[in-house]
Amino acid sequence: MGDFVTRVLAAVAALFLLPAAPAFAADDDGTEKLFVFKDPRITESSGLAVSPTHDGVYYTHNDSAAAPTFYAVDGRGRTRATFQVRGAEARDWEAMAATKDPATGRGVLWFADIGDNLDGAWPNVSVYKVTEPHTFRDATLPAVRYRFRYADGARNAEGVMINPVTGRLYVVSKEFAGSVYAAPKKLRSDKVNVLRKVGGAPIMATDAAYAPDGSSYVVRTYFSATLFKPSGETIAKVTMPDLKQAESIAYTADGKALLTGSEGPGSPVYRVPLPDRARPTATPSPSSSSRAEEREESGSPVAAQADSGGGGLTVTDVLIWLAAAAAAIGVITFLARRTR
């Protein structure tokens, strides 16, 4: 019921936003449909990542009520291989991330079983770390499971991201006043790791991702995406294509554009160019990496409290969601009466 209410709220709120949304058909900003998932088994694409070591390869997985399975697809949306994750659960896989191990050069895939529509149904949540496969043929892959709990109480979340400069994992909660949570720098597989709030996040975040060079991160909502510096300072809001249910976000391999997808059979993935001021300019130096790690170790929020431009609630956000809530309550009441 909680998830149903959330979806109704989002749908109604979207109606309020339609008059202000630009027409999408023209694609004047360079937005393009990259591909459509052709595999009929991919019905609820919830996580999306670009392979860090294989050109033209993308990964996705389904949402809740699915097996611990992920898919490697090519630039035309055709499945190249299907992988099972050994020993993993899939209570509510909501997000994934892809990084490269600096020591080995191997790709690393992270799958976040962090959905919790009852905001406290699970005593802890899990993220699975899988070494990226060398070859693309169906296989079962081993994983390392990391368990997490929130320092300030359980909550629903749909975003996970890894800072490629520092290697730190972050979870972004999906709430009316969302938050960014940082994991410990060194994760433990033999105990529950504690996620601590380090900043704010846009309203009802459905995914998040770090740029390949660590110069920015993005948080996706049902309506748009907001870019942030690692400090948490807002860079820009990016208009997203109109999707049935916006669920995923990732950077392209060159960091110059965003990829965004939706749930549903045959769902599309779009490429959205970043504004010039948000594009990478240089690879972070070792000294910048050291400074970032020092900030994290000292407790300074690397994903700091975002300003009202993206992380907090603006007056417009509040008005939209109040109106959406009122309308949704009416819809729910109507449906309840009809089903008595």
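Every value quoted in this text rests on a predicted model; they were computed, and no experiment measured them.

How each quantity is defined
Residues numbered from 1 in each chain as written. Predicted model: local features only at pLDDT ≥ 70, side-chain atom pairs only at ≥ 80, totals over all residues. Heavy atoms only, no water. Core = buried A, V, L, I, M, F, W, Y, C linked by side-chain atoms within 4.5 Å. Buried < 20%, exposed > 50% of the residue type's maximum accessible area, 1.4 Å probe, protein only. Helix = DSSP H or I, 4+ residues; strand = E, 2+ residues; numbered from the N terminus. Contact = heavy atoms within 4.5 Å. Phe/Tyr/Trp six-rings, centres within 6.5 Å; stacked < 30°, edge-to-face > 60°. Lys NZ or Arg CZ within 6 Å of the ring centre and 35° of its normal. Pairing = 2+ DSSP bridges. Axes fitted to C-alpha atoms, helices over the stretch in contact; angles between N-to-C directions. Salt bridge = Lys/Arg side-chain N within 4 Å of Asp/Glu carboxyl O. pLDDT = per-residue confidence, 0-100.

Here's the deal with the nonpolar core
Right, so step 1: Formed by 19 residues in total, the largest nonpolar core has its most connected members in W110, I114, V127, F148, L169, V171 and L195.
Right, so step 2: At the level of elements, β6 (95-100), β7 (107-113), β8 (125-131), β10 (144-150), β11 (157-162) and β12 (169-173) are the ones that each hand at least two residues to this core.
Right, so step 3: In this structure F148 touches N124, V125, V127, L169, A183, L187, V192, N193 and L195, once residues within four positions along its chain are discounted.
Right, so step 4: Within the second largest apolar cluster, 18 residues are counted, among which are A49, V57, V85 and A88.

Comments concerning the packing of aromatic side chains
Right, so step 1: In this structure the tally under the stated criterion is 13 aromatic pairs.
Right, so step 2: Centroid distance W110 to Y146: 6.3 Å. Interplanar angle 25°. Geometry classified as stacked. Within this pair, whereas W110 is found in strand β7, its partner Y146 is found in strand β10, the two being separated by 36 residues in sequence.
Right, so step 3: We classify W110 as buried; its relative accessible area is 8%.
Right, so step 4: One aromatic cluster is present, formed by Y59, F70, F83, W93, F111 and Y128 through successive ring pairs.
Right, so step 5: Here R91 stacks its cationic end above the ring of W122, 4.2 Å away from the centre of that ring.
Right, so step 6: Across the ring face of Y150, the terminal group of R155 is positioned such that the distance to the ring centre comes to 5.8 Å.

Some points on the sheet that holds β8
Right, so step 1: Strand order in the open sheet formed by eight strands is β6-β7-β8-β10-β14-β13-β12-β11, and the pairing between neighbours is mixed. Here the strands that pair on one side only, and so sit at the sheet edges, are β6 and β11. Pairwise comparison of adjacent strand axes, ignoring direction, gives a mean angle of 30° for this sheet.
Right, so step 2: When β8 meets β10, the two strands line up antiparallel, connected through five bridges. Across the sheet, V125 pairs through a bridge with F148, a residue of β10.

Overview of the pattern of salt bridges
Two side chains bearing opposite charge may form a pair once their charged atoms approach each other closely.
Right, so step 1: Summed over the entire model, instances satisfying the criterion amount to eight salt bridges.
Right, so step 2: When the shortest N-O distance is used, the salt bridge between E89 and R145 registers 3.8 Å. Taken together, the residues E89 in the loop between β5 (79-85) and β6 and R145 in strand β10 connect sequence positions 56 residues apart.
Right, so step 3: You can call E89 partly exposed: its relative accessible area is 40%.
Right, so step 4: Of the residues examined, R145 reaches a relative accessible area of 31% and is grouped as partly exposed.
Right, so step 5: We note a salt bridge from E175 to R155, for which the minimum N-O separation is 2.8 Å. Here R155 lies in the loop between β10 and β11 and E175 lies in the loop between β12 and β13 (178-182), a separation of 20 residues in the sequence. We note that E175, like R155, is buried.
Right, so step 6: A single network of salt bridges, built from pairs that share partners, joins D152, R155 and E175.

Some words on the sheet that holds strand β18 (residues 234-239)
Right, so step 1: The strand order across the open sheet formed by four strands is β15-β16-β17-β18, and the pairing between neighbours is antiparallel. The strands lining the two open edges of the sheet, one partner per strand, are β15 (205-210) and β18. Each strand axis lies, on average, 20° off the axis of its neighbour in the sheet, ignoring direction.
Right, so step 2: In terms of strand pairing, strand β17 (residues 224-228) meets β18 through five bridges, oriented antiparallel. What sits directly across from S224, in β18, is T239.

Some remarks on the environment of M240
Right, so step 1: Residue placement: M240 occurs in the loop between β18 and β19 (246-251).
Right, so step 2: Of the residues examined, M240 reaches a relative accessible area of 8% and is grouped as buried.
Right, so step 3: Separated by 209 residues in the primary sequence, M240 and T31 have C-alpha atoms spaced 8.6 Å apart.
Right, so step 4: Excluding residues within four positions of it along the chain, M240 makes contact with R220, F223, S224, A225, I249, L258, T260 and V272.

Quick look at the environment of D29
Right, so step 1: One can find D29 in the loop between α1 (2-17) and β1 (32-36).
Right, so step 2: When the C-alpha atoms of D29 and L274 are compared, they prove to be 9.4 Å apart, with 245 residues separating the residues in sequence.

Structural notes on the pairing of strand β2 (residues 45-50)
Right, so step 1: Taken across its six residues, β2 has six buried, putting it largely inside the fold.
Right, so step 2: In this sheet, strand β3 (residues 58-62) lies alongside β2 in antiparallel orientation, the contact comprising five bridges. Bridge assignment links G47 to a residue of β3, and that residue is H61.

What to know about the confidence of the model for the protein chain
Right, so step 1: A residue-level look at the protein chain finds 74% of positions with pLDDT of 70 or above and a mean pLDDT of 82.
Right, so step 2: Note on residues 1-5: pLDDT under 50 across the span, and six contacts to partners over four residues away in sequence or across chains.
Right, so step 3: With pLDDT under 50 throughout, residues 285-290 is counted as low confidence; its partners more than four residues away or in other chains account for one contact.

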